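Spelled out, the chains give:
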Amino acid sequence: MNDNISDKDKKDWQTFVLSKDKLPNKDFKLQKQNTPKVRSIDLHGYTLEQANNTIEKFILKAYEEKVGKLIVVTGKGIHSDVENDPYVSKDLSILKYSVPEFINNNQNLMKVINDIQDATIEDGGSGAFYIFLKKNKFIE
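A brief report on the enclosed structure follows. Since the model is a prediction, treat every value here as computed from it, not as a measurement. (Residues numbered from 1 in each chain as written. Predicted model: local features only at pLDDT ≥ 70, side-chain atom pairs only at ≥ 80, totals over all residues. Heavy atoms only, no water.)

1. Topic: the environment of Arg 39
For step 1, the next point in the chain: When you line up the elements, Arg 39 lands in strand β1 (residues 38-42).
For step 2, the next point in the chain: Judged by relative accessible area, which is 33%, Arg 39 ranks as partly exposed.
For step 3, the next point in the chain: Sequence-wise, Arg 39 and Leu 70 are 31 residues apart; in three dimensions their C-alpha atoms are separated by 5.0 Å.
For step 4, the next point in the chain: A polar side-chain atom of Arg 39 sits 2.5 Å from a polar atom in the side chain of Glu 65. (Helix = DSSP H or I, 4+ residues; strand = E, 2+ residues; numbered from the N terminus. Buried < 20%, exposed > 50% of the residue type's maximum accessible area, 1.4 Å probe, protein only. Polar contact = N/O pair within 3.5 Å; in protein donor to acceptor, adjacent residues only side chain to side chain.)

2. Concerning unusual backbone geometry
For step 1, the next point in the chain: Even without being a glycine, Lys 66 presents a positive backbone phi close to 60°.
For step 2, the next point in the chain: As for its position among the elements, Lys 66 is in the loop between α3 (48-64) and β2 (69-73).
For step 3, the next point in the chain: On the basis of relative accessibility, which here comes to 37%, the residue Lys 66 falls in the partly exposed class.

3. Observations concerning helix α4 (residues 95-105)
For step 1, the next point in the chain: Those residues of α4 that fall on the buried side of the exposure criterion are Leu 95, Ser 98, Val 99, Pro 100 and Ile 103.
For step 2, the next point in the chain: Of the surrounding elements, those touching the buried residues of α4 are α3, α5 (107-110), β3 (113-118) and β4 (128-133). (Contact = heavy atoms within 4.5 Å.)

4. Some points on the pairing of β2
For step 1, the next point in the chain: Where burial is concerned, most of β2 is hidden: 5 out of the 5 residues are buried.
For step 2, the next point in the chain: Burial along β2 is two-sided: the residues Lys 69, Ile 71 and Val 73 and Leu 70 and Val 72 are all buried.
For step 3, the next point in the chain: Sheet analysis places β1 next to β2, joined by 5 bridges and oriented parallel. Bridged to Val 38 within β2 is Lys 69.
For step 4, the next point in the chain: Considered for its hand, the β-α-β crossover made up of β1, α3 and β2 is right-handed. (Pairing = 2+ DSSP bridges. Right-handed = clockwise from strand over helix to strand, strands pointing away.)

5. Some remarks on a nonpolar patch on the surface
For step 1, the next point in the chain: Among the surface-exposed residues, Trp 13, Phe 16, Val 17, Leu 18 and Leu 23 lie close enough to one another that they form a single nonpolar patch of about 590 Å² accessible area.
For step 2, the next point in the chain: With respect to the helices and strands, Leu 18 occurs in helix α1 (residues 7-18). (Patch = residues over 30% accessible without salt bridge, like charges linked within 9 Å, V, L, I, M, F, W, Y side chains within 5 Å. Areas by Shrake-Rupley, 256 points an atom, 1.4 Å probe, with all protein chains shown as cover. Salt bridge = Lys/Arg side-chain N within 4 Å of Asp/Glu carboxyl O.)

6. So, the nonpolar core
For step 1, the next point in the chain: By size, the foremost hydrophobic cluster in this structure holds 20 residues, and its most contacted members are Ile 59, Ile 103, Ile 131 and Leu 133.
For step 2, the next point in the chain: Secondary-structure elements contributing two or more residues to this core are α3, β2, α4 and β4.
For step 3, the next point in the chain: If you tally residues by element for this core, the top one is α3, at 6 residues.
For step 4, the next point in the chain: Each residue touching Leu 133, except ones within four places of it in the same chain, is listed here: Ile 59, Ala 62, Tyr 63, Val 67, Gly 68, Leu 70, Val 112, Ile 113 and Asn 114. (Core = buried A, V, L, I, M, F, W, Y, C linked by side-chain atoms within 4.5 Å.)

7. Description of the sheet that holds β1
For step 1, the next point in the chain: Across the sheet, 4 strands lie side by side as β1-β2-β4-β3; this open sheet has mixed pairing. Looking at which strands have only one partner, the edges of the open sheet turn out to be β1 and β3. The average undirected angle you get between the axes of adjacent strands in this sheet is 20°.
For step 2, the next point in the chain: Alignment of β3 against β4, held across 5 bridges, turns out to be antiparallel. If you follow Ile 113 over to β4, its bridge partner there is Leu 133. (Axes fitted to C-alpha atoms, helices over the stretch in contact; angles between N-to-C directions.)

8. As for the packing of aromatic side chains
For step 1, the next point in the chain: With the rule as written, the count across this model stands at 2 aromatic pairs.
For step 2, the next point in the chain: With 5.5 Å between their ring centres and 35° between their planes, Trp 13 and Phe 16 make a pair best called tilted. Note that Trp 13 and Phe 16 are positioned in helix α1 at a spacing of 3 residues, about one turn of the helix.
For step 3, the next point in the chain: Assessed through its relative accessible area of 53%, Trp 13 is described here as exposed.
For step 4, the next point in the chain: Aromatic side chains Tyr 130 and Phe 132 sit 6.0 Å apart centroid to centroid with 55° between the ring planes, which places their arrangement in the tilted category. (Phe/Tyr/Trp six-rings, centres within 6.5 Å; stacked < 30°, edge-to-face > 60°.)

Set out below in structure tokens:
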């Protein structure tokens, strides 16, 4: 290492250290750019048909708008009217199960989806799930 530091460099260093100016945080800027767009939808109160139509439009619109992550709240089915109908499956008729099934069986939607995961407790826990969309490279 070179011990010969010029007087000018020493003075510049002192000025820098004593300065009250803050340096821009370039890491924060990069972190901000890498944060994906997030949208959410709450399907409480929807019929199965309404929920399926709505979620299909929601996913495709989010993909067009280059959204990276979707939070879909279906609820847990605790207050569902299905409990009163003996002719309807209690497991498959509530939105919690049927909406993800609809999405997985829809080839057009699966073309734009990278992954579907259970939501964390902060975003609805077992009454919600995440959809991670592929990057849309075609729309500017």
